[in-house]
Amino acid sequence: MMSVLQRVREARVEVDGEVVGRIGQGLLVLVCAERGDTEAEAHRLLAKLLKLRVFADDAGKMNRSVQDVGGGLLLVSQFTLVADTRGGNRPSFTDAAAPQDGRRLFDHFVDQARLQHPVVQTGRFAAEMQVHLINDGPITIPLRIPPPG
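Residues numbered from 1 in each chain as written. Predicted model: local features only at pLDDT ≥ 70, side-chain atom pairs only at ≥ 80, totals over all residues. Heavy atoms only, no water.

### Focus: the overall build of the protein
For step 1, the next point in the chain: Across its full length, the protein holds three helices and eight strands.
For step 2, the next point in the chain: Secondary structure elements in the protein, listed N-terminal to C-terminal, are β-β-β-α-β-β-α-β-α-β-β.
For step 3, the next point in the chain: The globule rule puts the C-alpha radius of gyration for 149 residues at 15 Å, and the 15 Å found for the protein is close to it.
For step 4, the next point in the chain: Dimensions along the principal axes, computed over C-alpha positions, put the protein at roughly 45 × 40 × 30 Å.
For step 5, the next point in the chain: Put simply, the protein has 149 residues, and 44% of those count as buried.
For step 6, the next point in the chain: Residue pairs at least 24 apart in sequence account for 72% of intrachain contacts in the protein once pairs closer than 6 positions are excluded.
For step 7, the next point in the chain: A total accessible area of about 8,000 Å² is found for the protein, and carbon and sulfur atoms account for 47% of it. (Helix = DSSP H or I, 4+ residues; strand = E, 2+ residues; numbered from the N terminus. Rg over C-alpha atoms; globule rule 2.2 N^0.38 Å. Buried < 20%, exposed > 50% of the residue type's maximum accessible area, 1.4 Å probe, protein only. Contact = heavy atoms within 4.5 Å. Areas by Shrake-Rupley, 256 points an atom, 1.4 Å probe, with all protein chains shown as cover.)

This is the structure we're talking about:
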């Protein structure tokens with residue numbers, strides 16, 4: 001699974017002018033399931049992002065996780081993260097999981113996040129979304145758990 005996480009002061013996702021997910025301080029996480037991914041990759045990705053120390057401690061060092069600071073998670077499905085641009089000017093998305101697999105794995109990822117973290121919001125799978133955020137830092141980190149094989 002591929003993700004890009006951004007430390008935010010606040011973030012929200014709108015669909016057709018309606019806010020469908022909103023957090024204050026925390027992580028906006030763009031998530032893409034890749035061909036061959038299983039629930040195991042979703043579990044490993046979630047474990048990593050919940051423990052990733054990207055928030056400042058009292059000394060100003062990045063020593064705290066989203067769990068340590070009680071921040072929110074805003075999880076947004078985004079298949080374009082695995083775009084292949086090597087073959088010309090039009091990206092290919094063949095490395096993304098098929099839509100039904102992507103939805104199943106994203107839903108599983110969200111369900112697991114809600115079991116392990118108190119504040120979890122989402123975008124809407126396969127919808128045209130507008131994502132608004134105030135990136136804090138800015139801190140933006142790609143995080144990939146490769147599929148088996």
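### Let's talk about the packing of aromatic side chains
For step 1, the next point in the chain: Counted under the stated rule, the structure contains two aromatic pairs.
For step 2, the next point in the chain: Seen from their ring centres, Phe79 and Phe93 are 5.0 Å apart, and the 75° between their planes marks the pair as edge-to-face. Taken as a pair, Phe79 in the loop between β6 (72-77) and α3 (99-116) and Phe93 in the loop between β6 and α3 lie far apart in primary sequence, 14 residues in all.
For step 3, the next point in the chain: Judged by relative accessible area, which is 47%, Phe79 ranks as partly exposed.
For step 4, the next point in the chain: Residue Phe93 is classed as partly exposed on the basis of its relative accessible area, which comes to 30%. (Phe/Tyr/Trp six-rings, centres within 6.5 Å; stacked < 30°, edge-to-face > 60°.)

### With respect to α3
For step 1, the next point in the chain: Along its 18 residues, α3 runs 26 Å from first to last C-alpha, staying within 8% of the 26 Å computed at 1.5 Å per residue.
For step 2, the next point in the chain: Summarising the contacts, the buried residues of α3 are in contact with β3 (26-32), α1 (39-51), β6 and β7 (120-122). (Expected span 1.5 Å × (residues − 1).)

### So, the pattern of salt bridges
For step 1, the next point in the chain: In the structure shown here, the tally under the stated rule is nine salt bridges.
For step 2, the next point in the chain: A salt bridge links Asp136 to Arg7, with the nearest nitrogen and oxygen atoms 3.4 Å apart. Remark: Arg7 occurs in strand β1 (residues 2-15) and Asp136 occurs in strand β8 (residues 130-144); sequence separation between them is 129 residues.
For step 3, the next point in the chain: The salt bridge partner of Asp101 is Arg104, with a shortest N-O separation of 3.7 Å. Of the two residues, Asp101 and Arg104 both sit in helix α3, three residues apart, roughly one turn of that helix.
For step 4, the next point in the chain: A residue is classified by how much of its surface remains accessible, and Arg104, at 38% relative accessible area, is partly exposed. (Salt bridge = Lys/Arg side-chain N within 4 Å of Asp/Glu carboxyl O.)

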